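Examination of the molecular architecture
Here's the letter readout for the chains.
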Amino acid sequence: MDTLLEYKCPCCGGSIAFDSGSQKMKCPYCDTEFDLETLKSYDEALNNQKPDSMEWENAEGQTWNGEEADGMSVYVCKSCGGEIVCDSTTAASSCPYCGNPVVMTGRLSGDLRPDFVIPFKLGKEDAKAGLQRHVKGKRLLPKIFKDQNHIDEIKGVYVPFWLFDTEVDATIRYKATKVRTWHDNDYRYTETSHFSVLRDGSVTFDHVPVDGSTKMENALMESIEPFDFSQATDFQTAYLSGYLADRYDVSAEESRQRANQRIKTSTETLFSTTVNGYSTVIPENSSLRYAGGKVRYVLYPVWLLTTTWKEKRYYFAMNGQTGKFVGDLPLDKAAYWKWFGVIGGIAAGASFLIQLISAFL
Amino acid sequence: MKIRNNVIILALTVLLALPLTSAVAAAQIPAERQLPLVVDRAELLGEEEESRLLDKLSRLSSSMKCEVAVVTVNSLEGKYPQAYADDFFDYNGYGYGENDDGVLLLLSMEHRDWAITTHGLALKKLSESDLDNIEEKMLPYLSAGQYSDAFNAFADACRAGIMPNYARMIIISLGLGVIVGFIGVSIMKRNLKSVAPRNEASDYVRKDSFRINNRNDIFLYRTVTKTARPKDTGSSSGGGGGGSHYSSSGRSHGGRSGKF
């Protein structure tokens with residue numbers, strides 16, 4: 001009875017057999033020796049590995065009731081295909097996405113009705129002030145851009161978001177090492193101890209938003225996060241008056257992937273903060289199980305500003321709740337080289353002076 | 001009583017004599033230079049060569065505020081080349097200004113020895129690599145017996161080592177300027193960008209919901225590698241002054257010596 005159990009070597013992946021003669025585990029490929037107990041618990045950890053499961057309940061699926069739908073209009077932009085919902089008292093004169101005059105109106109029907117809405121807390125003047133603050137102190141911005149008259153359009157838009165709530169159970173296994181060095185007269189020794197580190201735990205995420213409109217650039221919407229959901233109220237059509245509302249055209253199912261990815265990244269970051277005291281830590285395997293996943297449909301308030309410079313359109317967005325203002329700005333090449341010269345010149349001059357002084361001291 | 005007086009006198013004599021010995025040594029170093037910048041006792045240079053070299057060394061010495069001298073002798077009178085050069089420099093009052101800044105090249109024809117001694121500013125400025133450069137420029141001429149060329153090469157190499165290297169300063173400054181300028185505008189340019197995808201959801205973690213239920217750190221195995229340690233030779237010396245020693249007068253000198 002030479003072999004009894006078979007394990008994979010944690011070092012090289014080869015098969016290790018237990019040698020009953022020597023009562024030791026030794027990998028025949030890389031000559032690493034192991035305790036039997038160690039291998040057993042490592043093997044158990046490997047076998048306990050669970051597959052990812054990221055199940056979500058479907059959105060509750062409340063639809064507009066007939067009375068509400070009567071008071072709403074749908075505008076469809078012929079130029080870019082954007083669809084805007086607003087109450088019938090609001091006249092949309094142009095598409096907030098591409099600026100083209102809106103040409104077709106239709107009636108609301110069959111869509112999902114939002115579960116919650118965060119009402120606008122900041123107005124048009126705040127959005128203008130936001131842009132002023134945004135361009136302030138930006139030395140490489142073309143002068144003409146700082147001119148307020150340059151804003152083409154300011155629109156308050158309720159942007160559709162899918163909100164994902166879930167509790168995550170995660171089991172993450174890491175390969176970790178501790179390194180110890182010492183030396184005697186002739187040699188420097190480096191001892192590397194290898195560990196298999198397992199963390200099993202849970203964390204809950206509330207209201208992770210995913211932009212439900214293809215017309216809104218995802219990165220732009222993620223840049224004005226976070227919204228404070230505690231101020232959300234049940235949806236009433238009254239909130240829409242005076243503002244435009246975008247209609248979702250990305251389904252909850254399609255948005256899931258983005259939410260899953262963001263939740264996974266954050267979970268893994270949180271878990272890795274609990275692996276301490278090692279020289280290197282490499283995630284080897286992670287398994288996430290989402291439980292009680294819930295999806296909801298909400299409208300979040302966003303101010304959209306567009307300006308044109310050198311025949312290129314620039315989009316800005318302001319969080320209509322917190323006032324966070326984002327939007328990439330154009331670069332003034334002349335200013336870029338001017339500041340390069342000024343900063344570089346000062347540095348070169350100072351360096352020359354210091355060298356000169358030290359040469360004559 | 002008499003004995004006691006004698007003891008006191010003896011003690012006083014010893015006490016007085018102590019500072020005198022160093023005072024004597026100091027007094028032997030003249031304030032003014034006693035000899036010209038070119039002393040050709042071995043008669044290696046023609047008359048015209050000698051006067052041209054003297055001219056060059058005088059101009060160089062006053063413009064650098066650091067004397068450059070060349071001495072040739074037939075015999076070292078039993079001294080080591082380095083010690084002979086140091087003493088020749090000290091006791092003949094070589095050196096510019098109060099600090100006696102200067103560098104002296106000694107050639108002895110007896111055993112074809114050469115030695116360079118530095119003091120003051122020259123000691124501070126001429127690093128090991130500068131001395132390497134001097135040796136490299138001058139030695140081929142010395143070995144070939146072209147003494148005038150060797151001394152000129154020596155003078156030029158000394159100048160390169162002692163005078164500030166403006167070209168290098170400018171290149172370093174410009175390089176630094178470009179790097180700092182680029183970093184500066186890059187920061188300004190980054191200010192223009194505020195739109196980026198967020199790949200995490202840390203804002204949405206429910207407070208205090210994060211729990212670790214099971215933590216298990218299993219030790220697997222250990223590996224030990226060994227590498228030979230470099231042997232400590234202890235021969236490294238500071239770069240700036242190129243290492244220095246004390247001459248018989250007690251002053252510190254730098255330099256080096258060899259055969260040609």
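Above this note sits the structure.
These figures come from a predicted structure and were not determined experimentally.

**Focus on the overall build of chain B**
Along the backbone of chain B there are 7 helices and 7 strands. Its helices and strands taken in sequence order, chain B reads α-β-α-β-α-β-β-α-α-α-α-β-β-β from the N to the C terminus. Relative to its full complement of 260 residues, chain B shows a buried share of 38%. Summarising the internal contacts of chain B: among those between residues at least 6 apart in sequence, 71% fall at separations of at least 24. On chain B, roughly 15,000 Å² of surface is accessible, and the fraction owed to carbon and sulfur atoms is 56%.

**Looking at helix 7 (residues 166–191) of chain B**
Across its 26 residues, helix 7 of chain B extends 37 Å between first and last C-alpha, which sits within 8% of the 38 Å expected from 1.5 Å per residue. Of the positions making up helix 7 of chain B, those classed as buried are Met169, Ser173, Gly177, Gly181, Gly184, Val185 and Met188 of chain B. Contacts made by the buried residues of helix 7 of chain B are with helix 6 (333–360) of chain A.

**Digging into the packing of helix 6 of chain A against helix 7 of chain B**
Remark: helix 6 of chain A packs on helix 7 of chain B, axes separated minimally by 7 Å, with the N-to-C direction vectors making an angle of 145°. Both helix 6 of chain A and helix 7 of chain B take part in a crossing whose hand is right-handed. Residues of the contact of helix 6 of chain A with helix 7 of chain B, tallied by class, amount to 21 nonpolar, 7 polar and 1 charged.

**So, the interface of chain A and chain B**
With 78 residues of chain A in contact, the opposing surface of chain B contributes 58 residues. With both chains or domains summed, chain A and chain B bury close to 6,400 Å², and 58% of this area falls on carbon and sulfur atoms. When the shortest N-O distance is used, the salt bridge between Arg199 of chain A and Asp217 of chain B registers 2.9 Å. Between the two partners, chain A and chain B, sit 39 residue pairs in polar contact (both at pLDDT 80 or more). Among the elements of the structure, strand 4 (33–34), helix 1 (36–47), strand 11 (187–211), helix 4 (218–223), helix 5 (252–272) and helix 6 of chain A are those that each provide at least two residues to the side of chain A that touches chain B. Sort the elements by how many residues they give to the side of chain A that touches chain B and strand 11 of chain A lands first, with 23 residues. Residues belonging to the side of chain A that touches chain B are distributed by class as follows: 38 nonpolar, 25 polar and 15 charged.

**Quick look at the sheet that holds strand 4 (residues 113–119) of chain B**
All names here are of chain B. Spatial ordering of the open sheet is given by 1-2-3-4-7-6, a layout of 6 strands whose pairing is mixed. Either end of the sheet is taken by a strand with one partner, and the two such strands are strand 1 (38–40) and strand 6 (245–246). When strand 1 meets strand 2 (residues 67–73), the two strands line up parallel, connected through 3 bridges. Along strand 2, the bridge assignment pairs Val39 with Val71. Lying over the sheet, helix 3 (residues 81–91) contacts strand 1, strand 2, strand 3 (102–108), strand 4, strand 6 and strand 7 (252–259), oriented at roughly 45° with respect to strand 4. The strands touched by helix 5 (residues 128–143) within the sheet are strand 3, strand 4 and strand 7, with strand 4 carrying the most contacts at an inclination of about 150°.

**Details of unusual backbone geometry**
Backbone geometry follows two general trends: most residues other than glycine have a negative phi, and most peptide bonds adopt the trans configuration. The amide bond that connects Glu225 of chain A to the next residue, Pro226 of chain A, takes the cis arrangement and shows omega of 0°. The backbone phi angle of Glu43 of chain B is positive, close to 55°, even though this residue is not glycine. Relative to the elements of secondary structure, Glu43 of chain B occurs in the loop between strand 1 and helix 2 (47–64). Judged by its relative accessible area of 68%, Glu43 of chain B is exposed. Of note, the phi angle at Lys65 of chain B is positive, near 55°, even though the residue is not glycine. Secondary-structure assignment places Lys65 of chain B in the loop between helix 2 and strand 2.

**Some details on the nonpolar core**
With 55 residues, the main nonpolar core has Val168, Leu305 and Phe316 of chain A as its most contacted residues. Where this core is concerned, the elements lending two or more residues are helix 3 (124–135), strand 10 (151–183), strand 11, helix 5, strand 14 (280–309), strand 15 (312–319) and helix 6 of chain A together with helix 7 of chain B. In terms of residues, this core owes the most to one element, strand 10 of chain A, which gives 10 residues. A domain-level breakdown of this core finds at least three residues from each of domain 2 (54–170 + 196–330) and domain 3 (333–361) of chain A. Ranked by size, the runner-up nonpolar core spans 43 residues in total, among them Ala69, Val70, Leu126 and Ile162 of chain B.

Here is what the cut-offs are and how they apply
Residues numbered from 1 in each chain as written. Chains lettered and ligands numbered in written order. Predicted model: local features only at pLDDT ≥ 70, side-chain atom pairs only at ≥ 80, totals over all residues. Heavy atoms only, no water. Helix = DSSP H or I, 4+ residues; strand = E, 2+ residues; numbered from the N terminus. Buried < 20%, exposed > 50% of the residue type's maximum accessible area, 1.4 Å probe, protein only. Contact = heavy atoms within 4.5 Å. Areas by Shrake-Rupley, 256 points an atom, 1.4 Å probe, with all protein chains shown as cover. Expected span 1.5 Å × (residues − 1). Axes fitted to C-alpha atoms, helices over the stretch in contact; angles between N-to-C directions. Left-handed = near helix turned anticlockwise from the far one by under 90°. Nonpolar A, V, L, I, M, F, W, Y, C, P; charged D, E, K, R; others polar. Buried area = accessible area lost by both parts, 1.4 Å probe. Salt bridge = Lys/Arg side-chain N within 4 Å of Asp/Glu carboxyl O. Polar contact = N/O pair within 3.5 Å; in protein donor to acceptor, adjacent residues only side chain to side chain. Pairing = 2+ DSSP bridges. Core = buried A, V, L, I, M, F, W, Y, C linked by side-chain atoms within 4.5 Å. Domains from an automatic or database assignment.

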